[in-house]
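# Close look at the chain arrangement
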Amino acid sequence: MRKNLVLLVSLITATSVFASLSFACGESNGENATGMIENYLSIQASLANDSIDEVPTYALAIHKASADLNGSGSASSCGMKEMDAEKCAQIIPDIAETSAKLSKAKNIEEARLVFGELSEAMIQFRNLLPGEKPNVAYCGMAKKSWLQDGDQISNPYYGSSMLRCGSLVEDKVN
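Summary of the structure given here. Since we're looking at a predicted model, the values are computed, not measured.

### Things to note about helix H4 (residues 85–103)
- Here H4 spans 27 Å end to end across 19 residues, near enough to the 27 Å set by a 1.5 Å rise per residue.
- Those residues of H4 that fall on the buried side of the exposure criterion are Cys88, Ile91, Ile92, Ile95, Ala96, Thr98, Ser99, Ala100, Leu102 and Ser103.

Structure representation (structure tokens):
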């Protein structure tokens with residue numbers, strides 16, 4: 001009986017420790033960071049295709065994920081180094097604010113303008129993340145940067161009128 005009790009207490013303790021480690025490593029917050037990037041890239045692709053149909057949905061998803069990350073209070077929850085916690089704490093509220101603003105854009109011109117603001121914060125956020133990252137592109141005509149997948153320029157600020165205007169750069173922010 002005593003042996004079973006000791007085993008039960010050990011099991012409960014191990015489960016608690018595992019749950020704490022999972023939280024500290026930010027399993028769900030890491031997903032939030034990945035989701036923010038994926039939703040941002042979907043917005044970039046939509047704007048490059050001259051569409052804002054799904055932009056509010058993607059922007060609200062970014063807003064929710066950034067609010068969740070902001071509430072976590074730990075840079076390590078995104079897989080970041082703790083030394084980047086202060087930078088992360090400054091960037092996440094900007095992402096939350098601009099993504100909420102983008103979700104209310106009434107037309108493509110307004111969406112592209114706010115997307116430029118969101119891009120500045122998302123590039124800073126991207127720079128703090130470990131692992132594989134989307135590319136940073138810059139358009140000298142728009143004087144704005146953005147994140148994108150792949151090496152072929154897909155300009156979200158001009159869409160089909162100047163889809164290939166820009167170049168891949170190293171972390172340039174306006």
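From this point on, the discussion continues.
### Structural notes on the packing of aromatic side chains
- Scanning the entire structure with this criterion turns up 3 aromatic pairs.
- For the pair Tyr40 and Phe115, a centre-to-centre distance of 4.9 Å together with 20° between the ring planes defines the contact as stacked. Placement of the pair is Tyr40 in helix H2 (residues 27–48) and Phe115 in helix H5 (residues 108–128), with a sequence separation of 75 residues. Comparing Tyr40 with Phe115 shows no difference in burial state: the two are buried.
- Here Trp146 and Tyr157 contribute two aromatic rings whose centre-to-centre distance is 5.8 Å and whose plane-to-plane angle is 75°, an arrangement assigned as edge-to-face. With Trp146 in strand E2 (residues 144–148) and Tyr157 in the loop between E2 and strand E3 (167–169), the pair connects residues that are 11 residues apart, well separated along the chain.
- Take Tyr157: its relative accessible area is 8%, and that puts it in the buried class.

### Re the pattern of salt bridges
- Applying the stated criterion across every chain, the model contains 3 salt bridges.
- Asp50 is paired through a salt bridge with Arg112; the nearest N and O atoms lie 2.7 Å apart. Here Asp50, found in the loop between H2 and helix H3 (55–72), pairs with Arg112, found in helix H5; they are 62 residues apart in sequence, far enough to count as distant.
- According to the relative accessible area criterion, Asp50 is partly exposed, its value standing at 33%.
- Residues Lys64 and Asp68 are paired through a salt bridge, measuring 2.9 Å at the closest nitrogen-oxygen approach. Of this pair, Lys64 and Asp68 both sit in helix H3, 4 residues apart, which is roughly one turn of the helix.
- Take Asp68: its relative accessible area is 31%, and that puts it in the partly exposed class.

### Observations concerning the pairing of E2
- Within E2, 5 of the 5 residues are buried, which leaves it mostly tucked inside the rest of the structure.
- Pairing analysis gives 5 bridges linking strand E1 (residues 135–139) to E2, with the strands arranged antiparallel. Each bridged residue has a counterpart across the sheet, and for Val136 the counterpart in E2 is Leu147.
- Where E1 hands over to E2, the hairpin turn is made up of 4 residues, of which Lys143 adopts a positive phi near 55°.

Calculation criteria
The numbers attached to residues start from 1 for each chain and follow its sequence in the written order. Only residues with pLDDT of at least 70 are given local features in this predicted model, and only at 80 or more are side-chain atom pairs given and counted; all residues enter the totals for whole chains, interfaces and linings. The side-chain quantities take in all heavy atoms of the structure and omit both hydrogens and water. A run of DSSP states H or I qualifies as a helix once it reaches four residues; a run of E qualifies as a strand once it reaches two. Both are numbered from the N-terminal end. The span one expects for a helix is its residue count, reduced by one, times 1.5 Å. The cut-offs for exposure are 20% and 50% of the maximum accessible area for each residue type, with area from a 1.4 Å probe on protein chains only; residues under the lower value are buried, those over the upper are exposed, and the others partly exposed. Ring pairs are drawn from Phe, Tyr and Trp, using the six-membered ring of Trp, whenever the two centres fall within 6.5 Å, and their geometry is named by plane angle: stacked under 30 degrees, edge-to-face over 60, tilted for the rest. Any Lys or Arg side-chain nitrogen located within 4 Å of an Asp or Glu carboxyl oxygen qualifies as a salt bridge. Strand pairing requires that DSSP identify at least two bridges connecting the strands.

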